[in-house]
Amino acid sequence: MKYADLSTAELQSLHESISSHYDQFKAAGLKLDLTRGKPSKEQLDLSNALDGILEGFYLLQDGTDVRNYGGILGIPEARALGADILGLAPDEVLVGGNSSLTLMYQYIDLMQNHAGNSWHREAKAANGRVKFLCPVPGYDRHYTICEQFNIEMITVAMTEAGPDMAEVESLVSSDPLIKGIWCVPRYSNPTGYTYSDETVSRLSKLPIIAGDNFRIMWDNAYAVHHLADEPDELSNLMALARKQSTQDSVVMLASTSKITFAGAGIAFLGASVQNLAIFEQFLSGSIIGFDKVNQLRHVRFLKDSEALAAHMAKHQAIIRPKFDLVLAKLESALGGTGIAEWTTPRGGYFISLDTLPGLASEVVRLADEAGVKLTPAGATFPYGMDPLDRNIRIAPTFPSLDQLRQALEVFVVCIQLASVNKLLSR
Ligand code: PMP
């Protein structure tokens, strides 16, 4: 039943039943939260063995005592683990502290303010501002980094195959102050899309047009976070870039935040050996070495790619039913109504939903009044501004199945109510 095809009388009667449903939820005093993509307690418990795993053995093969200072690039064993996840050689990987976001922030700081030929200096000379391309919808904290470094954000459309590359290429060739692009190439946040081979290949050639100072921020936060039985394939950007001699423009990131402990994992930054040396030098102003004890714990716990895959299968078993529940509820309540579209991710942490234009903030407001917190409308766009006000990010992993079911009941009713109101006011 397409809502847009209903007569006014039909819409009015629909409105009556939906509003009474909504009022019941409001009266129930619910307190549910679908905001941030956090692992649930059950997922965190999968990694409790990290604690105490070292059993007093703190020495590496080469005799390094991980309790002591030093070694910004990280312990060799952890660099090898990061290399596995990112598809690089171990000497192309730095292992940081508990957050890849921090590494992105520091890398952007280096490029914007401190590098020999810094972006900022180049922009000043050209009387302009450094700019970044942001595929939308995307990850809000990438935007926060840009805002904090006074980098102007230019949106490009995200398709099922990745960013619209024709748009990206045309923008980059027309403005030399566009210095980078944010990419979440596998199971993108929030759509769940994985970049196609063609997209990755075109990205590897982008610095030829954009210049040596251009950076592809390849945030592979969901590199091993599969929901489907068959993982999505992703081309190796660094391997392709080497063929184009653009490897210095590739900066890869990942972390174990959603593999082990979200607040106490280890993060990786991958880059050419030459770039990594520059980054290491830059970091040495602010740190003597990251937490190598935690790096060793992670290596002991995650061991190799086979053990890592087995561990991720346990996460999958916990979260897949949650995604299935959301998708089934969306389909049963909204399928065929024409009032919402959503993605069916094969991995990652989110589902992206589009309402009718102009309704996302209203849906978030209605849900909030009925006790269900959603990610603020607009959060998936730079400056918090979704020009069509229609995108909502759903994060199903943290609540229990029961809480999720209740939250979804409210959510779909809010979408129905906002849509019927809109159609009645035509
Ligand atoms: N990148 C993306 C795309 C994310 O979704 C997240 C977590 N929400 C992060 C980075 C943050 O990673 P970390 O915990 O390693 O800082």
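Heads up: the structure comes first, above all this text.
Quick caveat, the model's predicted, so the values are computed rather than measured. (Residues numbered from 1 in each chain as written. Predicted model: local features only at pLDDT ≥ 70, side-chain atom pairs only at ≥ 80, totals over all residues. Heavy atoms only, no water.)

Below, the discussion takes up the overall build of the protein. Scanning the protein from terminus to terminus reveals 14 helices and 13 strands. Its C-alpha radius of gyration of 23 Å places the protein within 12% of the 22 Å reference for a compact globule of 426 residues. For the protein, the C-alpha atoms occupy an extent of roughly 75 × 55 × 35 Å along the three principal directions. Residues classed as buried in the protein amount to 54% of the 426 residues present. Restricting to contacts in the protein with at least 6 residues of sequence separation, those with at least 24 account for 76%. A total of about 18000 Å² of accessible surface is found on the protein, and carbon and sulfur atoms cover 51% of it. Side chains of the protein carry 37 positive and 49 negative charges; the gap between the two charge centres is 3 Å. (Helix = DSSP H or I, 4+ residues; strand = E, 2+ residues; numbered from the N terminus. Rg over C-alpha atoms; globule rule 2.2 N^0.38 Å. Buried < 20%, exposed > 50% of the residue type's maximum accessible area, 1.4 Å probe, protein only. Contact = heavy atoms within 4.5 Å. Areas by Shrake-Rupley, 256 points an atom, 1.4 Å probe, with all protein chains shown as cover. Lys, Arg positive; Asp, Glu negative; His and termini not counted. Charge placed at Lys NZ, Arg CZ, Asp CG, Glu CD.)

Our focus in this paragraph is the sheet that holds strand 10 (residues 340-342). Picture the strands of a sheet paired through backbone hydrogen bonds; they go either parallel or antiparallel. Taken together, three strands build an open sheet; the order of strands is 10-11-13 and the sheet is antiparallel. Each end of this open sheet is capped by a strand with a single partner; those strands are strand 10 and strand 13 (391-394). The sheet shows a mean angle of 25 degrees between the axes of neighbouring strands, taken without regard to direction. Examined bridge by bridge, strand 10 and strand 11 (residues 351-355) share three bridges and lie antiparallel to one another. Note on strand 11: the bridge partner recorded for A340 is T355. (Pairing = 2+ DSSP bridges. Axes fitted to C-alpha atoms, helices over the stretch in contact; angles between N-to-C directions.)

Glancing now at the packing of helix 13 (residues 360-369) against helix 14 (residues 401-424). Two numbers describe how helix 13 lies on helix 14: the axes approach to 9 Å, and their chain directions differ by 130 degrees. Here helix 13 lies oblique to helix 14, going by the angle between them. The way helix 13 lies across helix 14 gives a crossing that is right-handed. Across from E362, V363, L366 and A367 in helix 13, the residues of helix 14 making contact are F411, C414, I415, L417 and A418. Here the residues of the contact of helix 13 with helix 14 are counted per class, giving eight nonpolar, no polar and one charged. (Parallel < 35°, antiparallel > 145°, perpendicular 65-115°, else oblique. Left-handed = near helix turned anticlockwise from the far one by under 90°. Nonpolar A, V, L, I, M, F, W, Y, C, P; charged D, E, K, R; others polar.)

Moving on to the pairing of strand 4 (residues 152-159). Here six bridges tie strand 3 (residues 131-136) to strand 4, and the two strands are oriented parallel to one another. Bridge pairing in strand 4 places K131 opposite E152. Chirality of the crossover, the property in question, places the unit of strand 3, helix 6 (residues 140-148) and strand 4 among those that are right-handed. Pairing analysis gives two bridges linking strand 4 to strand 5 (residues 162-163), with the strands arranged antiparallel. Bridging from a neighbouring strand, T159 pairs with G162 of strand 5. A loop of two residues connects strand 4 with strand 5, the two strands running antiparallel in sequence. (Right-handed = clockwise from strand over helix to strand, strands pointing away.)

Once their charged atoms are close, side chains differing in charge can pair, the charge on each being opposite to the other. Scanning all chains against the criterion turns up 15 salt bridges. Notably, a salt bridge pairs E92 with R242, separated by 2.9 Å at the nearest N-O pair. Of this pair, E92 sits in the loop between helix 3 (76-86) and strand 2 (93-95) while R242 sits in helix 9 (residues 237-244), and the two are 150 residues apart along the sequence. Look at E92 and you get buried, because its relative accessible area is 7%. Taking the shortest distance from any N to any O, the salt bridge between E369 and R365 comes out at 2.9 Å. Pair noted here: E369 and R365 are both in helix 13, with a separation of four residues, about one helical turn. Of the residues examined, E369 reaches a relative accessible area of 40% and is grouped as partly exposed. When its relative accessible area of 38% is taken as the criterion, R365 is described as partly exposed. (Salt bridge = Lys/Arg side-chain N within 4 Å of Asp/Glu carboxyl O.)

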